[in-house]
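Here is how the chains run, residue by residue.
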Amino acid sequence: PFVKISEPTVEMTFSVNDSPFAGLEGKYVTSRQLRDRLYKELLKDVSLRVEDTDTTEAFHVLGRGEMHLSILIETMRREGYEFQVSTPRVLFKTVNGEKQEPYEELIIDVPEEFMGSVMEKMGNRKGELQEMHKMGERMKLTYIIPSRGLFGYRSEFLTDTRGEGIMNSLFYGYGPLKGEITKRSFGSLIAFEKGESITYGLYNAQERGTLFIGPGVPVYEGMVVGYSPKPEDIVVNVCKKKQATNTRAAGSDEALRLTPPRKMSLEECMEFIQEDELLEITPKSIRIRKKILDKSQRLKAWKRSQNQG
């Protein structure tokens, strides 16, 4: 019998890169090249959908999940494409006047010692345990979980199980909305100006949180260079030079100890970004940035959204 093709459950917006570094690293950068490449993918990927938007610069790409779309993003950047993507969003449906969301059947295979942390995370992400089997020193857990609940979980799962856990998900169907699922509880560290990161600036910035970059990295205003344990965003000046008061003080930069930056994979970046952030994808770099780069304009937009809320 014909295997039913899974319907898309997640969408992302792919758009032309408009950051200050646009066009510097990619071979294919125009909206026409981006559109042609996305529609070409439809010829071989039957689970993918591409929709035009009201602007020629952006396209909605619908897929089976974060992993499905991340493979397409990685393939395109290796081919020389440069573009930017939004945070993943689940596709809701209205059934009999009720708003419903997609669910996944999640099968998890973990060593018994890590079961507690997995079950705790599943509870936070609105997963419901269906079955539990012991297999030697490992446990097999089956959950029904909203697709939203899986956003950002794969890398967390590998960390929690020290790389020994295995998880697979299958589309289960649409069901009632499960309510709020917390995505991330920390804010972004945002670059103050365009320039190159300097040890002195990074040293001061690392006191505010965890950095994604080391010294000598080109940055621009509005680019996310790390994250803060506090929920609000913080602007940091990673390009700040030390004021040279005398010849000896000017060279004392080497004595500053920097914590190694946290290198994020494409999947981790996709899981990290918030609604007001984008992922800049080029053959050489993956950068997280704010949609609105200018700090004062960002603040005005935030105040407007608070007033409307």
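Residues numbered from 1 in each chain as written. Predicted model: local features only at pLDDT ≥ 70, side-chain atom pairs only at ≥ 80, totals over all residues. Heavy atoms only, no water.

Focus on the side chain of Arg-148
Tracing the chain through its elements places Arg-148 in the loop between strand 9 (138–146) and helix 4 (153–160). Side chain to side chain, Arg-148 and Glu-101 meet in a polar contact 2.7 Å long. Non-local contacts of Arg-148, meaning those with residues more than four positions away in its chain, are made with Val-90, Phe-92, Glu-101, Lys-178, Gly-179 and Ile-181. (Helix = DSSP H or I, 4+ residues; strand = E, 2+ residues; numbered from the N terminus. Polar contact = N/O pair within 3.5 Å; in protein donor to acceptor, adjacent residues only side chain to side chain. Contact = heavy atoms within 4.5 Å.)

Comments concerning empty space enclosed by the protein
Under the definition given, this model contains 1 cavity of 30 Å³ or more. The calculated volume of the largest cavity comes to roughly 30 Å³. If you go around the largest cavity, the residues you meet are Ile-190, Ala-191, Phe-192, Glu-221, Gly-222, Val-235, Leu-293, Lys-295 and Arg-298. Among the secondary structure elements, those contributing two or more residues to the lining of the largest cavity are strand 11 (187–191) and helix 8 (295–308). (1 Å grid on protein atoms, 1.4 Å probe; cavity = no way out; pocket = protein on both sides within 12 Å on 5 of 7 lines; lining within 4 Å. Points joined across faces, edges and corners; volume = space filled by probe spheres on them.)

Focus: the pattern of salt bridges
Side chains bearing opposite charge may pair, as long as their charged atoms lie close to each other. If you walk through the whole model with that rule in mind, you get 22 salt bridges. Through salt bridges with shared partners, one network takes in Arg-37, Glu-41, Lys-44 and Glu-79. (Salt bridge = Lys/Arg side-chain N within 4 Å of Asp/Glu carboxyl O.)

A word on the pairing of strand 17 (residues 277–281)
In terms of burial, strand 17 is a largely internal element, 5 of the 5 residues being buried. Side chains Glu-277, Leu-279 and Ile-281 project from strand 17 onto one buried face, and the interleaved Leu-278 and Glu-280 project onto a second face that is buried too. Across 3 bridges, the pairing between strand 4 (residues 83–85) and strand 17 is antiparallel. The residue of strand 17 that forms the bridge with Val-85 is Leu-279. Here strand 17 pairs with strand 18 (residues 286–290) via 5 bridges, running antiparallel. Note on strand 18: the bridge partner recorded for Leu-279 is Ile-288. With antiparallel pairing between neighbouring strands as the criterion, strand 17 and strand 18 make up a hairpin whose turn holds 4 residues. (Buried < 20%, exposed > 50% of the residue type's maximum accessible area, 1.4 Å probe, protein only. Pairing = 2+ DSSP bridges.)

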